[in-house]
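# Breakdown of the fold
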Amino acid sequence: MPLPAPGSPRTLPTARLMGMPIHAVTLDQAVDRVFDALADGRGGTVLTPNVDILRQYRRSPELRRMFEHSELVVTDGMPLVVALRIQRTPVPGQVTGTDMLRGLAAEAGARGRSILLAGGRPGEAERAADRLRRTSPGLRAETYPCYVRPDTMAAELAALSRTLVAASPDIVFIGLPFASQISVMAGMRAALPGTWFVGVGSSFDFVNGDRSRPPELVRRLCLEWAWRLTRQPWLWRRYLVDGVPTTARLAVAALRLRWRRDASPTASAGSPALP
């Protein structure tokens, strides 16, 4: 996998969660980061990890290199936010892919910037773009529906790449599975160095109202996975088989790091810390 070209020197406060870099930013700070770079003619990538993405990160050296070269990494998953608090390297809070989509689209409308929504089943990206245009007057939004399957992935991503080069938008929201998001980002950064690529997964569903977030208490208790299982039971393997062990290892790692930091607060060499 080719690596994206590094952007500006990283100056954001950064923590580490089981090795994965996380930027300690609010939604407003993340949006400002993107538009400050656009004003300078620089593009970048935004990754929005959750527990499942952390699992993939731990298994893939290529994915770990991708994270190290990403200009912005925010915490989509609430368990990651809690783990960072436990190990005493907290971030301001959860910043989901949907938050980034809505926040960046609103700012793009205000600043006359263009966006492109890529991914989703037929009609999903178009409906999301229509809703964003209604809430952000003046927004220039294009779409490219692209619901990849294993047997069509290569052809779909190649067609998407051609569309992106032709449109040359300021911001691309990639509503695809994480592995496909990474493929698009890695493949397109050199071709579109002034464009930002934002991984938003299934966020089009939330913008369209097809799915809703659970109540705040459910999110704070890190039970969003259980909420989703009641509505999408076919995700049982992702949450119960893959997610539970990863979450358990995450909790143990955060507690162990906290214990080490409490036991020897001056011996911080190599431990994650926020500037």
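The structure contained in this document is the topic of the report that follows.

## As for the overall build of the protein
Each helix and strand counted, the protein has 12 helices and eight strands in total. Put simply, the protein has 275 residues, and 49% of those count as buried. Once local pairs closer than 6 in sequence are excluded, the contacts in the protein between residues at least 24 apart make up 74%.

## A short note on the pairing of strand E1 (residues 14-17)
Examined bridge by bridge, E1 and strand E2 (residues 20-23) share four bridges and lie antiparallel to one another. Each residue of the ladder has a partner; that of Thr14, found in E2, is His23. From the end of E1 to the start of E2, which pair antiparallel, there are two residues, and Met18 there has a positive phi angle of about 50 degrees.

## Quick look at unusual backbone geometry
Keep in mind that most residues, glycine aside, have a negative phi and that most peptide bonds are trans. With phi around 50 degrees, Met18 is a residue other than glycine that occupies positive phi space. Residue Met18 is classed as buried on the basis of its relative accessible area of 19%. Positioned with a positive phi, Arg88 is a non-glycine residue whose angle comes to about 65 degrees. Position of Arg88 relative to the elements: it lies in the loop between helix H4 (78-86) and helix H5 (97-111).

## Some points on the sheet that holds strand E6 (residues 140-144)
Pairing is parallel in the open sheet, where six strands are placed in the order E4-E3-E8-E7-E5-E6. On the outer flanks of this sheet lie strand E4 (72-73) and E6, each paired with one strand and no other. In terms of strand pairing, strand E5 (residues 114-119) meets strand E7 (residues 171-175) through five bridges, oriented parallel. Looking at the pairing, Ala118 lines up with Ile174 of E7. Contacting strand E3 (44-47), E4, E5, E7 and strand E8 (196-199), H5 runs over the sheet at an angle of about 155 degrees to E7.

## Notes on the packing of helix H7 (residues 153-167) against helix H8 (residues 178-188)
Between two packed helices, the angle of one axis relative to the other and the distance separating the axes together describe the packing. One way to put it is that H7 packs onto H8 with a least axis distance of 11 Å and a crossing angle of 45 degrees. Relative to H8, the element H7 is oriented oblique. Crossing of H7 against H8: the hand is right-handed. Across the interface between the two elements, Met153, Leu157, Leu160, Ser161, Leu164 and Val165 of H7 pack against Ser180, Ser183, Val184 and Met188 of H8. For the contact of H7 with H8, a count of residues per class yields seven nonpolar, three polar and no charged.

## Side note on the nonpolar core
Grouped together as the largest cluster of nonpolar side chains are 44 residues, with contacts concentrated most on Phe67, Leu160, Leu164, Leu176, Val184 and Phe197. Looking at this core, the element that brings in the most residues is H8, giving six residues. Excluding its chain neighbours within four sequence positions, the residues that come into contact with Leu160 are Ala118, Tyr144, Leu176 and Val184.

## Some points on helix H3 (residues 61-69)
Buried residues of H3: Leu63, Met66 and Phe67, and no others. One face of H3 carries all of its buried residues, which in axial projection span an arc of 100 degrees.

Reading guide: rules and limits
- Residues numbered from 1 in each chain as written.
- Predicted model: local features only at pLDDT ≥ 70, side-chain atom pairs only at ≥ 80, totals over all residues.
- Heavy atoms only, no water.
- Helix = DSSP H or I, 4+ residues; strand = E, 2+ residues; numbered from the N terminus.
- Buried < 20%, exposed > 50% of the residue type's maximum accessible area, 1.4 Å probe, protein only.
- Contact = heavy atoms within 4.5 Å.
- Pairing = 2+ DSSP bridges.
- Axes fitted to C-alpha atoms, helices over the stretch in contact; angles between N-to-C directions.
- Parallel < 35°, antiparallel > 145°, perpendicular 65-115°, else oblique.
- Left-handed = near helix turned anticlockwise from the far one by under 90°.
- Nonpolar A, V, L, I, M, F, W, Y, C, P; charged D, E, K, R; others polar.
- Core = buried A, V, L, I, M, F, W, Y, C linked by side-chain atoms within 4.5 Å.
- Arc of directions from axis to C-beta.

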